[in-house]
Amino acid sequence: MGAVRSWLLALIAVSLVCALADALMPKGGVRQVGRLVCGLTLLLAILTPLSGLDIAEGQRWLEDCLTQVDLREAELKQEIGDQMKIIIEQDCAAYIVDKAAQFGFSCSAQVECQASEEGVYIPVRAVVTGPPMGEAGVRLSRIVAEDLGIPESEQIYIDEEEVP
């Protein structure tokens, strides 16, 4: 912060000296040359801090910033993916419960999702807990397989009376 203050004070001082010199110069060619010299001096005062810049340090700083941005982006993508997985699992479980209710049964469901190669979460397993459903359970199993893509072999139906 001290360097910026010194630079600003130098700019103010050069500006004041140039203004004073301009006021004292006679009209004509001398004043034009004087204004040129004052302008170049002011330009030099403005650009002086650039001579002390360390380009390698600036490049390292920029690379560090970009690395931090990349890390944060990866964290956000992971966080979004985790949230999407939870939402998809809840929605699929609610779908199963709604379909069972259409068949006249009350149950609870849990669905497990896994990410595909494209990074999309797809349901792969379902656990349904409720009363024995008989033929309605078979129809529900087919619907879950067709609509959600969960193979019947990955659908587990637990009689709620067997749960401790």
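Residues numbered from 1 in each chain as written. Predicted model: local features only at pLDDT ≥ 70, side-chain atom pairs only at ≥ 80, totals over all residues. Heavy atoms only, no water.

Attention shifts here to the overall build of the protein chain. On a plain count of helices and strands, the protein chain comes out with four helices and three strands. Mapped in sequence order, the helices and strands of the protein chain form the string α-α-α-β-β-α-β. Over its C-alpha trace the protein chain gives a radius of gyration of 37 Å, far above what one expects of a compact globule, namely 15 Å for 164 residues. With respect to the principal axes defined by its C-alpha atoms, the protein chain has extents near 110 × 30 × 30 Å. (Helix = DSSP H or I, 4+ residues; strand = E, 2+ residues; numbered from the N terminus. Rg over C-alpha atoms; globule rule 2.2 N^0.38 Å.)

It is worth spelling out the sheet that holds strand S2 (residues 121-130) at this point. Spatial ordering of the open sheet is given by S1-S2-S3, a layout of three strands whose pairing is mixed. Bordering the open sheet on either side are strand S1 (108-115) and strand S3 (155-159), each of which pairs with just one other strand. Between one strand axis and the next, the sheet turns through 15 degrees on average, direction left out of account. Pairing analysis gives eight bridges linking S1 to S2, with the strands arranged antiparallel. (Pairing = 2+ DSSP bridges. Axes fitted to C-alpha atoms, helices over the stretch in contact; angles between N-to-C directions.)

The biggest cluster of nonpolar side chains holds 17 residues, and the ones touching the most others in it are Ile-96, Val-111, Val-128, Leu-140, Val-144, Leu-148 and Ile-150. If you list the elements that add at least two residues to this core, you get helix H3 (55-102), S1, S2 and helix H4 (135-148). Sequence-distant contacts of Leu-148, defined by excluding residues within four places in its chain, comprise Cys-92, Tyr-95, Ile-96, Pro-123 and Ile-143. Counting five residues, the second largest nonpolar core, distinct from the first, contains Leu-11, Cys-18, Cys-38 and Ala-45. (Core = buried A, V, L, I, M, F, W, Y, C linked by side-chain atoms within 4.5 Å. Buried < 20%, exposed > 50% of the residue type's maximum accessible area, 1.4 Å probe, protein only. Contact = heavy atoms within 4.5 Å.)

Turning next to helix H2 (residues 29-47). Its 19 residues give H2 an end-to-end C-alpha distance of 27 Å, which sits within 8% of 27 Å, the value for a rise of 1.5 Å per residue. Every buried residue of H2 is listed here: Arg-31, Gly-34, Cys-38 and Ala-45. Seen from one end, H2 has its buried residues packed into an arc of 60 degrees, which puts them on one side. Along H2, the residues that are exposed and aim more than 90 degrees away from the buried face are Gln-32, Val-33, Leu-36, Leu-40 and Leu-44. Buried-residue contacts for H2 involve helix H1 (2-24). (Expected span 1.5 Å × (residues − 1). Arc of directions from axis to C-beta.)

The full count for this structure, using the stated rule, is six salt bridges. Here Asp-22 ties to Arg-31 by a salt bridge, and the two come within 3.7 Å at their closest N and O atoms. Since its relative accessible area comes to 22%, Asp-22 is described here as partly exposed. Between Arg-35 and Asp-22 there is a salt bridge; the shortest N-O distance is 3.0 Å. (Salt bridge = Lys/Arg side-chain N within 4 Å of Asp/Glu carboxyl O.)

In short, the description is geometric, and any link to function would need to be established separately.
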